[in-house]
Structure formats: structure tokens, C-alpha cells
Amino acid sequence: MIHTNIRHLYVVFALIVACVGIATAQQLVVRRPAEGEEDWRLLRKALDFYDAANYGDALAYAELAKQSRRREIEWREFSLDTAQRSRDVRRAGDNLTDVLPVLEANGQTAAKSIIEETLNRYGESFFGNSFQKVKDFIALQDAYPEADFLIGKIYRVEGESALAFDFMNRALRGARWLDVMNQQYDMLYELADLSYDLGRLDDYEKYLLLVLKDDRFYTNPSFMNAMLRTLGTETPDAVEKFFLLYRDENDIPLEACALLSDYYKERNQLKKALECSALGAVISFSKLFYILRDRIPTYNYTNLSDLLLKAADYEDIVVWGNNNKVWELFYSLSQIAAAYGKPVFSRTLLEVLASAEPEPYWRKKATASLAGSE
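The structure displayed is predicted, hence computed values, not measured ones. (Residues numbered from 1 in each chain as written. Predicted model: local features only at pLDDT ≥ 70, side-chain atom pairs only at ≥ 80, totals over all residues. Heavy atoms only, no water.)

Enquirer: I'm lost on the overall build of the protein chain in this one. Help?
Expert: In terms of helices and strands, the protein chain carries 20 helices and 0 strands. For 374 residues, the compact-globule formula gives about 21 Å, and the C-alpha radius of gyration of the protein chain, at 27 Å, lies well above that figure. Dimensions of the protein chain along its principal axes, counting C-alpha atoms only, are 80 × 55 × 40 Å. Excluding contacts between residues fewer than 6 apart, the proportion of contacts in the protein chain whose partners are at least 24 apart in sequence is 65%. Per element, the accessible surface of the protein chain, about 18,600 Å² overall, is 51% carbon and sulfur. In the protein chain, the 45 positive side-chain charges and the 56 negative ones have mean positions that sit 3 Å from each other. (Helix = DSSP H or I, 4+ residues; strand = E, 2+ residues; numbered from the N terminus. Rg over C-alpha atoms; globule rule 2.2 N^0.38 Å. Contact = heavy atoms within 4.5 Å. Areas by Shrake-Rupley, 256 points an atom, 1.4 Å probe, with all protein chains shown as cover. Lys, Arg positive; Asp, Glu negative; His and termini not counted. Charge placed at Lys NZ, Arg CZ, Asp CG, Glu CD.)

Enquirer: Can you help me understand helix 9 (residues 161-173) in this one?
Expert: Note that an α-helix has 3.6 residues per turn; residues three or four places apart therefore point the same way. For helix 9, with 13 residues, the first-to-last C-alpha span of 18 Å sits near the 18 Å given by 1.5 Å per residue. Considered for burial, the residues of helix 9 that qualify are Ala164, Phe165, Phe167, Met168, Asn169 and Ala171. (Expected span 1.5 Å × (residues − 1). Buried < 20%, exposed > 50% of the residue type's maximum accessible area, 1.4 Å probe, protein only.)

Enquirer: Please explain the side chain of Asp306 as it appears in this structure.
Expert: Relative to the elements of secondary structure, Asp306 occurs in helix 16 (residues 304-311). Here Lys310 takes part through its side chain, which lies 2.8 Å from a polar atom of the side chain of Asp306. (Polar contact = N/O pair within 3.5 Å; in protein donor to acceptor, adjacent residues only side chain to side chain.)

Enquirer: Teacher, can you tell me more about the pattern of salt bridges here?
Expert: Where charged atoms from two side chains of opposite charge come close, those side chains can pair. Taken as a whole, this structure holds 25 salt bridges when the rule is applied. Note that Arg156 and Asp193 form a salt bridge whose closest N and O atoms lie 2.9 Å from each other. In this pair, Arg156 is assigned in helix 8 (residues 145-157) and Asp193 in helix 10 (residues 183-197), connecting sequence segments 37 residues apart. The class for Arg156 is buried, based on a relative accessible area of 18%. (Salt bridge = Lys/Arg side-chain N within 4 Å of Asp/Glu carboxyl O.)

Enquirer: I would appreciate a short explanation of the confidence of the model for the protein chain in the present structure.
Expert: Close inspection of predicted coordinates is inappropriate for parts of the model with low pLDDT. In the predicted model, the protein chain carries a mean pLDDT of 92, and the fraction of residues at 70 or more is 92%. Across residues 15-27 the pLDDT falls below 50, and counting only partners more than four positions away or on other chains, this stretch makes 5 contacts in the model. (pLDDT = per-residue confidence, 0-100.)

Enquirer: Teacher, can you tell me more about the packing of helix 5 (residues 96-105) against helix 6 (residues 109-122) here?
Expert: When two helices pack together, their arrangement is given by the angle between the helix axes and by the axis-to-axis distance. Running from N to C, helix 5 and helix 6 point in directions that differ by 140°, and their axes come no closer than 9 Å. With respect to each other, helix 5 and helix 6 are oriented oblique. Between helix 5 and helix 6 lies a crossing of left-handed hand. Between helix 5 and helix 6, the contacting residues are Leu96, Leu100, Leu103 and Glu104 on the first element and Ala111, Lys112, Ile115, Glu116 and Leu119 on the second. Grouping the constituent residues of the contact of helix 5 with helix 6 by class yields 6 nonpolar, no polar and 3 charged. (Axes fitted to C-alpha atoms, helices over the stretch in contact; angles between N-to-C directions. Parallel < 35°, antiparallel > 145°, perpendicular 65-115°, else oblique. Left-handed = near helix turned anticlockwise from the far one by under 90°. Nonpolar A, V, L, I, M, F, W, Y, C, P; charged D, E, K, R; others polar.)

Enquirer: Where do I start with unusual backbone geometry in this structure?
Expert: Backbone phi values are negative for most residues with the exception of glycine, while trans is the configuration of most peptide bonds. Positive phi values are uncommon outside glycine, yet Ala53 reaches one of about 65°. Checked against the element boundaries, Ala53 lands in the loop between helix 2 (39-51) and helix 3 (55-84). Even without a glycine there, the phi angle at Asn129 is positive, about 60°. Turning to its location among the elements, Asn129 is positioned in the loop between helix 6 and helix 7 (131-138).

Enquirer: Before we go on, may I ask you to explain the environment of Phe137 in this structure?
Expert: Summarising the element assignment, Phe137 is placed in helix 7. A residue is classified by how much of its surface remains accessible, and Phe137, at 6% relative accessible area, is buried. The spatial distance from the C-alpha of Phe137 to the C-alpha of Leu244 is 47 Å, given a sequence separation of 107 residues. Residue contacts for Phe137: discarding those within four places in its chain leaves Thr118, Tyr122, Phe126, Phe127, Arg176 and Trp177.

Enquirer: What should I look at first to understand the packing of aromatic side chains in this one?
Expert: To describe a pair of aromatic rings, you give the distance between the ring centres and the angle between the ring planes. Applying the stated criterion to the full structure yields 26 aromatic pairs. Here the aromatic rings of Phe137 and Trp177 are separated by 5.1 Å at their centres, their planes lie at 65°, and the arrangement is edge-to-face. Within this pair, whereas Phe137 is found in helix 7, its partner Trp177 is found in the loop between helix 9 and helix 10, the two being separated by 40 residues in sequence. Residue Phe137 shares its accessibility class with Trp177, and that shared class is buried. An angle of 80° between the planes, with centres 5.8 Å apart, marks the rings of Phe242 and Phe345 as edge-to-face. One end of the pair, Phe242, is in helix 13 (residues 238-245); the other, Phe345, is in helix 19 (residues 343-356), with 103 residues separating them in the sequence. Accessibility expressed as a relative area gives 0% for Phe242, which makes it buried. A relative accessible area of 0% places Phe345 in the buried class. In this structure, Arg170 is placed above the aromatic ring of Phe167, and the distance from its NZ or CZ to the ring centre is 4.7 Å. Across from the ring centre of Tyr263, 3.8 Å away, lies the NZ or CZ of Arg267, which sits over that ring. (Phe/Tyr/Trp six-rings, centres within 6.5 Å; stacked < 30°, edge-to-face > 60°. Lys NZ or Arg CZ within 6 Å of the ring centre and 35° of its normal.)

Listed below in C-alpha cells is the structure:
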């Protein structure tokens with residue numbers, strides 16, 4: 001089995017890394033990874049191997065990337081420690097305003113560059129202008145969440161779900177060090193999906209809610225309550241009012257809304273299901289509106305039916321809607337609204353979907369629901 005070979009490779013590689021680490025620790029001078037051996041280059045190779053389904057080499061290069069990241073941080077710590085122990089820097093004290101010119105004058109360019117790069121990335125105020133705080137902060141940066149996440153994905157492909165879960169959790173714990181912070185949402189979605197497969201439904205809900213917690217509208221009770229009030233007016237124009245009044249341009253939690261609305265509906269937690277499906281529909285509508293506005297210079301919103309019919313003219317929009325559960329979310333909103341005791345809103349929305357839903361499957365579902373077949 002491939003995953004058995006990967007387990008063996010991982011053990012051998014870990015022993016090699018340990019030996020290299022011991023040898024490195026015995027050296028008096030800590031060397032920076034050579035050109036071509038930088039962590040990001042090694043991770044890029046690991047990703048290429050992963051995309052090619054060469055999981056053994058992908059795992060090996062991901063581990064090499066982690067080792068390279070540790071060596072980089074050791075070198076940074078060594079450079080700063082060496083600079084800090086010099087007589088002139090000791091005299092300058094801890095204040096970076098005084099320390100940086102001394103480093104420049106002494107030609108300690110590595111230490112100066114490390115400090116400036118850290119200040120530029122995280123902000124000067126974060127460190128209180130303290131050399132020691134910068135040094136202490138850098139010592140924490142030896143985690144490589146991108147590599148841990150990739151290793152977790154490799155183990156998942158190979159059917160090692162428990163190992164996959166552990167590595168993905170480790171990656172999430174190190175999310176503050178991500179180069180692209182939005183990758184934490186990829187981790188959360190993967191962990192939610194893996195939790196579902198493992199039957200850990202509480203974790204499944206938890207990880208999806210962690211995606212939603214960063215949405216400024218989901219965490220705004222006034223916004224969420226206003227949405228439900230509008231939806232619950234039970235007047236013929238409630239659907240149009242709903243989509244005229246509310247916007248949410250953040251599409252990251254779109255899938256979480258769809259999955260949680262189903263999750264809560266299955267458990268008869270209808271208010272939570274309605275909140276998630278309503279927010280998901282608002283996000284979907286907002287995304288469609290802005291896409292159409294960008295593509296059609298003369299586009300002006302008139303009603304939901306017109307928006308959906310225009311979206312149907314673009315194959316890539318229809319595919320995007322299918323991949324992101326957009327068309328399903330509109331239908332789901334109608335069903336959950338009905339179950340929540342809002343039949344007028346539900347039927348009005350179904351009438352729109354039956355005539356204008358871009359995806360034929362969900363259009364037929366809406367027609368059948370109107371006819372009382374479901």
C-alpha cells in the first residue's frame with residue numbers, strides 16, 4: 001500500500017532530520033538555508049508533487065520545507081543574538097530607535113534587515129520599539145502551517161484520517177504565521193469535512209462556525225435580526241425587499257452557510273437553519289449582483305427574477321453557482337422559510353426560482369415544490 005510506504009518514509013525522514021538537527025546544533029555558526037533550499041521553494045516542489053499524485057515525494061519535500069523553516073528561524077535568532085551581544089548594541093540598549101543606526105554603522109546588515117522586515121510586516125507598535133520583543137517574537141516563528149496542512153492532506157488522501165486530522169489541527173494552531181491569512185479558511189473547511197467523515201459532528205459544526213465568526217454581518221445581531229424580520233413580514237413584496245435591503249460581499253463563508261443550514265435543518269434547529277440559509281442567500285445574491293454589474297456596463301437591478309435570468313446567460317456563472325451551492329441555497333431558503341412558518345415568503349421565492357433559477361435541477365425542484373409534490 002502507498003500509505004504504508006509513506007509511513008515508512010516518514011519515520012526514516014524523521015530520523016534523518018533529527019540527526020541533521022543535532023549536527024547543526026553542534027556547529028558554532030548557524031547557517032542560513034542556501035539558495036534553492038529556502039522553505040518556500042521546497043514547499044512549492046512538495047505542492048507540485050502533490051498535484052501530480054506523487055505523495056511520497058510530496059511528503060518528503062514538505063518535511064524538508066519544515067526543516068528549512070526551522071533553520072531559517074535559527075539563523076535569524078543567531079543573527080539577532082550575535083548583534084545584541086556586541087558592545088555597541090549593548091550600549092544602545094533595547095530601544096530600536098537607538099539600536100538600528102548602530103547596526104547600520106557596524107555593518108550588521110543581516111540583523112538590521114531581519115528587524116526591519118519584521119516591523120514592516122507586523123507593525124512597529126506591536127513591539128513597543130523593543131529589540132528584545134522582536135527577538136522573542138521571531139523565536140516563535142519556526143512553525144510552518146502551510147507544510148503541516150499539506151502533510152495532513154497527503155495523509156487524508158492515503159486514508160490516514162487520524163494523522164490527517166492531527167496535522168491539519170497543528171496547521172490551524174499555527175495559522176498566525178501563514179503568508180496568506182485566508183488559507184486558514186481552507187484549513188477550517190478541510191477540518192470540518194474530515195470531522196464529518198470521522199463522525200465528529202460537534203467538531204464539524206465548530207469548524208464551520210469558526211469560518212462564520214469572521215463575517216461581520218453574521219456576528220452582528222442587529223443585522224441578523226433585521227434579516228429575519230424582513231423575511232417574516234409575510235407580504236407579497238417581502239422577497240424583493242429582502243434582496244434589496246441586504247448585502248454581504250464576503251463570499252468566504254458561503255459554503256459554511258449552506259452546510260450549516262442543512263445541518264441545523266436536519267436537527268430541527270430551524271431558527272439557526274434560517275439564519276444560515278438567509279445569510280447564504282444574501283451572500284450569493286451580492287456576488288451575482290457585483291459580477292453582473294462588472295460584466296454588463298448598463299446593468300441596473302430590477303428584481304430577483306431578472307438577475308437570475310441574466311446570470312443564466314453566462315456558463316461560468318452557472319458553474320460557479322453549482323460549485324458553491326448558490327442555486328441550492330436559494331431553494332433551501334424557500335424550504336426552511338416554509339418550515340419556520342413563513343409560507344408567503346417561501347411561495348413567492350419558489351415562484352421566482354421555478355421560472356428563473358439558472359440550474360435546471362433546482363428549477364424543477366422549485367416547480368415540484370410549488371405543485372405540492374414535495
